[in-house]
Amino acid sequence: MPEIIAALEAHDVTAERKSIYADFETMDALGFEVIGEQRGKQHFYHLASRQFETAELKLLVDAIQSSKFITERKSNELIKKLEGLASEHDAKQLQRQVYVAGRVKTMNESIYYNIDAIHAAIGMNEQIRFQYFGWNAKKEMELRKDGAFYQVSPWALCWDDENYYMIAYDADAEKIKHYRVDKMLKIENVEQKREGKAAFQDTNLANYTQKYYGMYEGTVETVRLECRNELANVVIDRFGKDIMMIPADAEHFTVNVSVAVTKLFLGWIFALGDGVKIIGPEQVLQQVSGEIRELYGRYC
């Protein structure tokens, strides 16, 4: 404290201990935390650095707000905890950004425990069993397979299109499948070693989510697209920068993408209008024609 007072005097600032302690309290409220430490007979002070900057906390708050798989109640709880990592002044800035009410959120409060259980099973190299549900037109929870338990080998968790998915190997179907974590119930460990290691070694999980558009199952095909140049950004956002974009003419390029040809993928193509056209293979063109005829018959 004598050194602080002397340093202030060197700048023609007169101060006493009580006023400096009051300044420390004001600094702390504004986000500049002053920490005092006893060293021998003297007390030393230093400015603490926070683990997260305010901009980083705002980024985390935005991520929590926009995550559909986190319930509204859990979102508010998490944001409140993040506020505790900020100063009183900065916490008010975070609170002004909170707009959770009214957003589309999952209704399964057990998702946190589901994620923890899946991570635990992966760590112990064990299979899991669970029930899987969907919603019916009456907004009622409806168990799939009449409530029978699914048993799979979990290998990874991924976040795609604002939802959390478990990627697992189904030994009965002899294939990799994915499941919405917020639609899983009564997860239990099965004391059997995981299966499907070879299948996952041959699978690039980053490419997996690109192929299954919106994570809907379908036959994976190499589809050739002709796109207008101004949609290059849209195509790269969806399929990544590693795709080969070949100029077709002054206004178009062609690209081959490996994707599950589902109604959702075709809907994405239709939504882009004359900006994107599927030009191959023939079986996909026939599937597109069938979808168009079905839509025409439904609305015309």
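Please refer to the structure higher up on the page.
A few points on the structure. (Residues numbered from 1 in each chain as written. Predicted model: local features only at pLDDT ≥ 70, side-chain atom pairs only at ≥ 80, totals over all residues. Heavy atoms only, no water.)

Moving on to the overall build of the protein chain. Scanning the protein chain from N- to C-terminus turns up eleven helices and twelve strands. When burial is assessed residue by residue, the protein chain has 36% of its 300 residues classed as buried. Long-range contacts, defined as pairs at least 24 residues apart, comprise 63% of the intrachain contacts of the protein chain with a sequence gap of at least 6. Only carbon and sulfur atoms are counted for the fraction: they give 51% of the accessible area of the protein chain, which is about 18,600 Å². (Helix = DSSP H or I, 4+ residues; strand = E, 2+ residues; numbered from the N terminus. Buried < 20%, exposed > 50% of the residue type's maximum accessible area, 1.4 Å probe, protein only. Contact = heavy atoms within 4.5 Å. Areas by Shrake-Rupley, 256 points an atom, 1.4 Å probe, with all protein chains shown as cover.)

Tallied over the full model, the rule gives eleven salt bridges. The residue Glu188 makes a salt bridge to Arg129 at a minimum N-O spacing of 2.8 Å. Linking Glu188 in strand β8 (residues 184–193) with Arg129 in strand β3 (residues 126–135), this pair joins segments that are 59 residues apart in sequence. Taking the relative accessible area as the measure of exposure, Glu188 reaches 34% and is therefore partly exposed. In this structure, Glu230 engages Arg228 in a salt bridge whose closest nitrogen and oxygen atoms are separated by 2.8 Å. Beyond isolated ion pairs, a larger network of salt bridges with shared partners links Lys263, Glu291, Glu294 and Arg298. (Salt bridge = Lys/Arg side-chain N within 4 Å of Asp/Glu carboxyl O.)

With that settled, the discussion passes to the packing of aromatic side chains. Going through the model one piece at a time under the given rule, you end up with eleven aromatic pairs. Feature note: the residues Phe130, Tyr132, Tyr150 and Tyr179 constitute an aromatic cluster, connected by ring pairs. The ring of Phe44 is capped by Arg39, whose NZ or CZ atom sits 4.8 Å from the centre of that ring. The ring of Phe149 carries Arg129 above its face, with NZ or CZ at 3.9 Å from the centroid. (Phe/Tyr/Trp six-rings, centres within 6.5 Å; stacked < 30°, edge-to-face > 60°. Lys NZ or Arg CZ within 6 Å of the ring centre and 35° of its normal.)

Next up on the list: a nonpolar patch on the surface. There is a patch of nonpolar side chains on the surface, built from Met27, Leu30, Phe32 and Leu47 and spanning about 370 Å² of accessible area. Within the secondary structure layout, Leu47 lies in strand β2 (residues 42–47). (Patch = residues over 30% accessible without salt bridge, like charges linked within 9 Å, V, L, I, M, F, W, Y side chains within 5 Å.)

Attention now moves to the side chain of Glu221. The residue Glu221 is located in strand β9 (residues 220–228) in this model. Within the structure, Glu221 has its side chain in polar contact with the side chain of Gln283 (distance 3.2 Å). If we ignore the near neighbours within four places in the chain, the residues touching Glu221 are Val257, Ser258, Val259, Val261, Pro281, Gln283 and Val284. (Polar contact = N/O pair within 3.5 Å; in protein donor to acceptor, adjacent residues only side chain to side chain.)

For Gly123, the position within the fold is in helix α6 (residues 111–123). Between the alpha carbons of Gly123 and Pro154 there is a distance of 10.0 Å; along the sequence they are 31 residues apart.

We now examine the pairing of strand β7 (residues 175–180). Both strand β6 (residues 163–170) and β7 contribute to a ladder of six bridges, which runs antiparallel. Its bridge partner lying in β7, Tyr169 is registered against Ile176. Linking β6 to β7, which pair antiparallel, is a turn of four residues; within it Glu174 sits at a positive phi near 55°. (Pairing = 2+ DSSP bridges.)

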